[in-house]
Amino acid sequence: MVDLDRQKKILEGIVEEGVLIGEGCAEDEEDGSFEEEVTIILNIRCMRRLKARVALSKIADGTYGTCSGCGQEIVPERLEAMPEAIFCIRCEKRMEKKR
């Protein structure tokens, strides 16, 4: 059983976190990869915050832990590891193949 209060606090933290540009990036590189890396990091963080907002709305409406793709239960271990998960592993992999 997933502790919804704990998950909600974690998700709210993800939504509220600031974006720190340059943290752990290859800023010493001279080949232009720094800008590309920053863009990738920003996109990942934006997607994580978006998923966290969706997960918070799912907590509010009582559907947290239900896959937004297939409607099946998301295993509690996945939710513990990734509180912002809104898809089960199978649906997440299916979506990654389409990208």
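Below is a short write-up of the structure.

The rules behind each value
Residues numbered from 1 in each chain as written. Predicted model: local features only at pLDDT ≥ 70, side-chain atom pairs only at ≥ 80, totals over all residues. Heavy atoms only, no water. Salt bridge = Lys/Arg side-chain N within 4 Å of Asp/Glu carboxyl O. Helix = DSSP H or I, 4+ residues; strand = E, 2+ residues; numbered from the N terminus. Buried < 20%, exposed > 50% of the residue type's maximum accessible area, 1.4 Å probe, protein only. Core = buried A, V, L, I, M, F, W, Y, C linked by side-chain atoms within 4.5 Å.

Remarks on the pattern of salt bridges
Part 1: Throughout the structure, instances matching the rule amount to 4 salt bridges.
Part 2: Put simply, Glu-92 and Lys-51 hold a salt bridge, and the shortest N to O gap is 3.4 Å. Of this pair, Glu-92 sits in helix α4 (residues 89-98) while Lys-51 sits in helix α2 (residues 33-61), and the two are 41 residues apart along the sequence.
Part 3: Taking the shortest distance from any N to any O, the salt bridge between Arg-78 and Glu-92 comes out at 3.5 Å. Placement of the pair is Arg-78 in helix α3 (residues 76-81) and Glu-92 in helix α4, with a sequence separation of 14 residues.
Part 4: Overall, the relative accessible area of 13% leaves Arg-78 in the buried class.
Part 5: Each of the salt bridges in this network shares a partner with another, and the network as a whole consists of Lys-51, Arg-78 and Glu-92.

So, the nonpolar core
One recurring pattern in soluble globular proteins is that nonpolar side chains are buried together.
Part 1: Core analysis: the largest hydrophobic core is formed by 17 residues, its most contacted members being Leu-11, Tyr-64, Cys-67 and Leu-79.
Part 2: Of all the secondary-structure elements, those providing two or more residues to this core are α1 (4-16) and α2.
Part 3: Looking at this core element by element, the count peaks at 4 residues for α2.

The analysis is restricted to geometry; functional conclusions fall outside its scope.
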